[in-house]
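Overview (structure and organization)
What follows is each chain in one-letter form.
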Amino acid sequence: MLRPLVHFFLIGGLLFSAKSVYEKSRIEGPAITVRVAVDATDANVETAVREAILLNEAQRLGWDRTDPIVYTHLIRNMRFIEPDSPDDDLALFQRAIEMNMQAHDPVVRARLLYRAREALTFVPEDRMPSRAELEEHRRTHEDRFEREGRVRFQQVFLSRSKRREALAADAREMRERLAALGDSAPAGLGDSLPGLRPEQSATPSELKDDYGAELAVAVGEAVVGAWRGPVSSVYGLHFVKVIGTEPAYVPPLDVIGAEVRADRLREIREEVRQERMAALREAYRITIERAP
Amino acid sequence: MPRFLSSALWLIALAMTVVGCSDAESRSGIADDFGRCADFDPLRQLFWGDTHIHTELSFDANMQGTRTTVDDAYEFARGEPIPLQPYNEDGTPTRMAAIDRPLDFVMLSDHAEFLGTLKVCNDPSSPGYGARQCVDYRAAQQFDASPQEVAGIFVELNALTAAEPQRARYPELCGPADEYCLEAGMDVWRQVVSDAEAAYDRSDACELTTFPGYEWSGGPRLKNLHRNVMFKNEKVTALPYNYFDEPYAEGLWARLREECVDAGTGCDVLTIPHNSNISEGIYFQNEMANGEPFTSEYVEARNAMEPVIEVYQHKGASECLPGAATADELCGFEVIPFSNLATTNLELITPPDPKGFLRHAYGEGMRLEASLGTNPFQYGITAATDTHISAPGFVAENDFKGHGGAGQPNRFLPPPPGFPDVEYLSPGGLTAVWAEENARDAIFSALRRKETFGTSGPRMAVRMFGGWDYPSDLCNASDLVAQADAAGVPMGGTLEPQPASSAPVFLVSAMQDSNSAPLQRIQIVKGWLDGDDYQVQVFEIAGDANNGASADLDTCELQGEGFGDLCGVWQDADFDPGQRAYYYARVLENPSCRWTTWQCSAAEYDCTDWDYAACVQRKQDFLPSDFTCDCCDPAAGLNQAFCAEVDCRDPGLLPEAEERCCHQVEPTIQERAWTSPIWYQPPS
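Residues numbered from 1 in each chain as written. Chains lettered and ligands numbered in written order. Predicted model: local features only at pLDDT ≥ 70, side-chain atom pairs only at ≥ 80, totals over all residues.

**As for the overall build of chain B**
The number of helices and strands found in chain B is 17 helices and 28 strands. Put simply, chain B has 684 residues, and 58% of those count as buried. A fraction of 73% describes how many contacts in chain B between residues 6 or more apart in sequence connect residues 24 or more apart. (Helix = DSSP H or I, 4+ residues; strand = E, 2+ residues; numbered from the N terminus. Buried ≥ 20, exposed ≤ 12 C-beta atoms within 10 Å, placed from the backbone. Contact = placed C-beta atoms within 7 Å.)

**Things to note about the overall build of chain A**
The number of helices and strands found in chain A is 14 helices and six strands. Relative to its length of 292 residues, chain A is extended, with a C-alpha radius of gyration of 34 Å against a globular reference of 19 Å. Burial status across chain A gives 33% buried among its 292 residues. If you take every contact in chain A between residues at least 6 apart in sequence, the share linking residues at least 24 apart comes to 70%. (Rg over C-alpha atoms; globule rule 2.2 N^0.38 Å.)

**Some words on the nonpolar core**
In this structure, Ile443, Val462, Leu507 and Ala510 of chain B are the most contacted members of the largest nonpolar core, which totals 214 residues. For Ala510 of chain B, the contacting residues outside a window of four places in its chain are Pro194 of chain A together with Met460, Ala461, Val462, Leu519, Ile522, Asp565, Leu566 and Val587 of chain B. Membership of the second largest hydrophobic core comes to nine residues, among which are Ile336, Ala342, Val422 and Tyr424 of chain B. (Core = buried A, V, L, I, M, F, W, Y, C linked by C-beta atoms within 7 Å.)

**Considerations on helix H6 (residues 89-98) of chain A**
Residues and elements named next belong to chain A. Buried within H6 are the following residues: Leu92, Phe93 and Ala96. Along the axis of H6, the buried positions cluster into a sector of 100 degrees, meaning they face one direction only. Opposite its buried face, H6 presents the exposed residues Leu90 and Glu98, each directed more than 90 degrees away. Summarising the contacts, the buried residues of H6 are in contact with helix H5 (68-81). Two residues or fewer after H6 comes Asn100, characterised by a positive phi angle close to 60 degrees. (Arc of directions from axis to C-beta.)

**Describing the domain arrangement of chain B**
Residue and element names in this part refer to chain B. Each domain of chain B was delimited in the assignment, giving domain 1 (37-452), domain 2 (460-596 + 670-680) and domain 3 (611-666). The straight-line distance from the C-alpha centre of domain 1 to that of domain 2 is 28 Å. Mapped by element, the contributors of at least two residues to the side of domain 1 that touches domain 2 are helix H11 (358-372) and strand E12 (380-382). Broken down by element, the residue count for the side of domain 1 that touches domain 2 peaks at seven residues, all from H11. Residues of the side of domain 1 that touches domain 2, tallied by class, amount to 14 nonpolar, six polar and eleven charged. (Domains from an automatic or database assignment. Nonpolar A, V, L, I, M, F, W, Y, C, P; charged D, E, K, R; others polar.)

**Regarding the interface of chain B and chain A**
Facing 39 residues of chain B, the contacting portion of chain A comprises 46 residues. Of all the elements in the fold, those that place two or more residues in the side of chain B that touches chain A are helix H1 (3-27), strand E1 (45-53), helix H7 (179-199), strand E15 (461-467), helix H13 (480-487), strand E18 (505-511) and strand E23 (565-571) of chain B. Its residues assigned to classes, the side of chain B that touches chain A comprises 19 nonpolar, eleven polar and nine charged.

**A look at the sheet that holds strand E2 (residues 150-159) of chain A**
Residue and element names in this part refer to chain A. Reading across from one edge, E3-E2-E5-E4 is the order of the four strands in this open sheet, with antiparallel pairing throughout. Every other strand in the sheet has two partners, leaving strand E3 (199-202) and strand E4 (227-232) as the edge strands with one partner each. Across this sheet, the average inter-strand angle for adjacent strands is 35 degrees, counted without regard to direction. Relative to strand E5 (residues 236-246), E4 runs antiparallel, the two sharing four bridges. Considered in E5, the bridge of Ser232 is made with Leu237. Running at roughly 165 degrees to E4, helix H13 (residues 213-221) makes contact with E2, E4 and E5 of the sheet. (Pairing = 2+ DSSP bridges. Axes fitted to C-alpha atoms, helices over the stretch in contact; angles between N-to-C directions.)

**Side note on unusual backbone geometry**
Look at the link from Gly229 of chain A to Pro230 of chain A: it is a cis peptide, with omega at 10 degrees. With respect to the helices and strands, the residue Pro230 of chain A is situated in strand E4. Of note, the amide linkage connecting Gln85 of chain B to Pro86 of chain B takes the cis form, showing an omega dihedral of 0 degrees. Residues other than glycine seldom take positive phi values, yet Asn100 of chain A does so here, at roughly 60 degrees. Residue position: Asn100 of chain A is located in the loop between H6 and helix H7 (106-121).

**Details of the pairing of strand E13 (residues 430-435) of chain B**
Residues and elements named next belong to chain B. Where burial is concerned, most of E13 is hidden: six out of the six residues are buried. Neither face of E13 is exposed, since Leu430, Ala432 and Trp434 on one face and Thr431, Val433 and Ala435 on the opposite face are all buried. Summarising the sheet, E1 and E13 pair through five bridges and their orientation is antiparallel. From the neighbouring strand, Gln45 faces E13, where its bridge partner is Ala435. In this structure, E13 lies alongside strand E14 (residues 452-455), joined through four bridges in antiparallel fashion. Paired with Val433 across the two strands is Thr452, which belongs to E14.

**Comments concerning the environment of Leu474 of chain B**
For Leu474 of chain B, the position within the fold is in the loop between E15 and H13. Note: C-alpha distance between Leu474 of chain B and Ala484 of chain B (ten residues apart in sequence) is 8.2 Å.

**Side note on the domain arrangement of chain A**
Looking at chain A, the domain boundaries give domain 1 (2-140 + 256-291) and domain 2 (147-246). Between the C-alpha centres of domain 1 of chain A and domain 2 of chain A the distance comes to 61 Å.

**A short note on the sheet that holds strand E8 (residues 269-273) of chain B**
All names here are of chain B. Sheet architecture is open: three strands sit in the order E6-E7-E8, paired in antiparallel fashion. Single-partner strands in this sheet number two, and they are strand E6 (213-216) and E8. Averaged over all adjacent pairs, the angle separating strand axes in this sheet is 25 degrees, with direction ignored. As paired strands, strand E7 (residues 227-231) and E8 are joined by five bridges and run antiparallel to one another. In the sheet register, Met230 faces E8, and the bridge partner there is Leu270.

**Description of the packing of helix H5 (residues 132-141) of chain B against helix H6 (residues 147-158) of chain B**
All names here are of chain B. Between H5 and H6, whose axes approach to 8 Å, the crossing angle comes to 135 degrees. The angle between the axes of H5 and H6 places the two elements in the oblique class. Crossing of H5 over H6 shows left-handed handedness. Across the interface between the two elements, Gln133, Asp136, Tyr137, Ala139 and Ala140 from H5 touch Glu149, Val150, Gly152, Ile153, Glu156 and Leu157 from H6. (Parallel < 35°, antiparallel > 145°, perpendicular 65-115°, else oblique. Left-handed = near helix turned anticlockwise from the far one by under 90°.)

**Quick look at the confidence of the model for chain B**
Residues and elements named next belong to chain B. Per-residue confidence for chain B averages 87 on the pLDDT scale, and 85% of its residues sit at or above 70. Across residues 1-31, where pLDDT falls below 50, the model places 35 contacts with residues more than four positions away in sequence or in other chains. Taken together, the stretch residues 634-638 has pLDDT below 50 and engages in 22 contacts with residues farther than four places along the chain or on a different chain. Both confidence scores are given for the complex: pTM 0.84, ipTM 0.84. (pLDDT = per-residue confidence, 0-100.)

Rendered as structure tokens:
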């Protein structure tokens with residue numbers, strides 16, 4: 001909770017305003033020259049341009065002179081160069097700045113790029129998704145949140161391990177008994193299996209995982225209210241009677257709010273990153289220099 | 001007040017504020033009521049999960065090149081493919097992985113010790129970012145980092161978890177009073193909890209249940225005492241307490257009791273021990289932090305906080321050691337030939353200590369119970385992967401991608417050629433729970449009451465009940481679960497003494513995984529306390545141990561008949577009502593190819609013939625100069641004929657290369673399930 005606020009006010013606040021500064025006010029941005037290898041591809045050039053813009057923004061905001069990590073790192077550099085220097089940290093830092101060390105040090109560069117990228121993807125309060133927006137997101141991306149339909153069915157099982165050679169004959173007899181059952185439940189019929197219930201609700205995927213594809217297909221194709229089978233599995237033979245079906249559905253927002261919010265926030269971060277980068281990209285005047 | 005204490009208290013206060021906020025958010029109109037799932041069964045149904053998963057947030061995984069995230073791990077558990085290392089120079093992954101069936105529940109368990117450290121080192125806004133250790137860490141992460149660079153920082157930091165408890169400290173980079181890492185660790189922990197919330201299916205479809213958690217990774221003097229900490233829900237402690245915060249297990253439990261179990265916030269938590277096999281036998285040692293033997297308070301705390309143990313994972317099985325205590329030819333399953341964490345990581349063959357195995361713990365537990373009134377080791381059984389590539393439940397022998405680096409196990413010890421990891425490791429297992437529904441309350445309760453079992457990977461369903469009056473033909477009842485449940489206790493339970501009964505009766509019913517090999521047999525393992533000695537005996541209760549089934553080593557095709565389902569009722573004819581006892585079931589599949597054989601088969605190696613040229617090449621590349629190619633090497637191919645000629649009666653006297661033959665990995669394995677025991681305690 002606190003860390004994002006610190007980021008907002010101390011780190012990214014100014015950069016966040018890039019969109020309004022450069023886009024809404026139509027202020028022309030800085031002109032910079034980006035040097036790339038002579039054989040750089042278009043993608044390489046674009047990457048270099050974007051990094052140059054972000055670095056320039058970071059420097060424009062003075063982060064290369066005010067950032068505590070840059071400060072510590074430059075002092076460490078100076079102590080390495082001048083191990084016997086009697087100067088205090090501040091003096092060493094100022095000398096490093098005078099030497100323009102911050103412009104060439106790879107750690108400083110990485111640090112500034114990191115801060116700039118963090119700032120680009122920070123989601124300000126006014127972009128946090130409202131309940132209405134989350135509801136809309138849920139509605140327009142139902143495929144991401146849909147739950148599989150379920151089938152409620154009764155099952156009678158005959159074990160191949162237990163019945164062996166009698167399995168086929170037992171199955172024929174069982175089919176006749178089930179046909180005579182009418183609407184009665186098949187209580188006490190068949191063999192047991194761990195987890196097998198006389199009546200249960202399952203998705204086609206669960207059935208496939210538990211008993212194999214053949215049974216899942218048979219249940220999926222079964223006519224409601226009629227016994228079907230025998231259907232073979234690695235365990236033996238199964239008879240199934242579908243009692244009812246529940247179609248696939250998308251749960252309400254009250255139930256999957258955290259899931260929808262996380263999904264939407266991933267999108268928003270990418271949206272604001274692209275918006276801010278595009279605004280900066282458009283405002284900057286870029287000159288490309290290719291060097292061997 | 002000392003500065004470090006004041007800093008820690010401030011951080012905890014801040015964390016509580018933060019955690020409180022997330023609780024409030026999660027409570028908004030969302031209840032996790034028992035019975036909310038569309039598929040609810042009061043007689044309980046079977047759910048599959050993995051409670052030991054590492055992502056890029058774990059320091060060791062991170063150093064092994066893992067870049068897959070917490071989100072990736074949840075996606076993988078749902079059945080989505082994820083990218084895997086090694087990565088090319090441009091950052092593109094070279095491999096993909098997908099599980100064959102989704103999991104029902106998961107708990108991510110990244111190492112708590114360096115959660116904050118990694119964030120500090122990767123976050124340039126952190127004051128510790130520029131510290132030398134962070135600079136070295138980032139250098140080791142580079143694509144072209146040398147093995148020495150990787151090993152240097154890995155060992156330097158990871159060694160902190162192997163310090164003596166009184167010397168356990170955060171890394172220097174964490175700054176004064178460890179503030180940088182404590183604060184960063186809190187951030188990461190909060191995100192871990194939040195991510196678990198977002199991934200938890202609160203709809204009545206109940207597709208995936210997630211639990212917040214982490215791994216406490218204490219390994220004093222390299223002896224593994226690691227435990228996973230599993231919270232029931234989003235009500236968690238302020239910090240993920242680690243070895244540096246609480247260097248003794250009892251300190252960890254005290255923190256968890258005070259700030260969670262007894263806090264009145266709806267928080268509940270348990271810890272899951274694992275890899276006692278590489279603890280040099282100290283995991284179940286009768287010694288507290290102060291060096292004194294256990295007290296009744298200690299054993300009560302341990303019994304309450306640790307209801308289950310992880311019996312199997314990538315780094316081997318901890319059930320029993322061949323030759324120890326009792327003859328049991330099936331104890332050899334995936335026993336790794338290492339004694340502690342370092343010898344495991346460095347592949348230094350060292351005999352494990354039998355006191356680090358569960359058989360010993362169960363016996364010792366009964367003995368301690370006799371004197372202290374509570375059994376500290378009355379564990380139920382779970383199994384897991386310990387994946388370090390964000391791949392929960394990825395247990396397929398025919399698609400093993402490795403424990404960690406996947407092609408670069410430690411990034412400083414290369415894998416055997418052609419293999420994704422060291423040959424002694426294995427794909428790990430799964431935890432199965434019998435619960436009313438796939439939701440946090442029900443799953444967590446099942447773990448608490450130990451109605452659980454572990455498997456070596458296949459999803460074979462096993463039910464076990466114990467009672468006094470079960471009929472011998474109970475297996476023929478179509479409602480056997482209802483009958484057994486009504487007249488007895490399920491796995492994990494304790495039989496109440498019955499003065500009028502002669503002996504307890506046990507029912508075990510099992511069905512094979514429809515995607516795996518048929519079953520071969522069911523055994524019951526009985527252990528009992530005879531005076532001050534504990535004994536173990538194994539009983540065959542169903543199936544056929546001599547069914548002749550096997551696997552073709554060239555194609556891995558299964559051969560021979562087995563059973564789709566098995567059921568047995570067994571009465572303990574030697575039962576003595578005055579002796580403490582436990583009974584657990586072991587269900588075995590027909591033999592099938594081990595992952596190493598699958599790799600050989602896929603690569604079309606000739607695993608029955610020694611490839612001298614390959615050995616020489618491998619030796620030139622990275623084996624010690626004194627390694628001889630005159631022997632078989634299970635990593636390069638299984639020269640069974642040669643190894644069969646080696647006299648292994650005293651491996652310690654053999655040349656190193658020949659000694660290796662004595663530790664040859666088996667070309668086939670018998671996948672299995674271990675149920676939680678049913679316990680018997682005589683009247684006091």
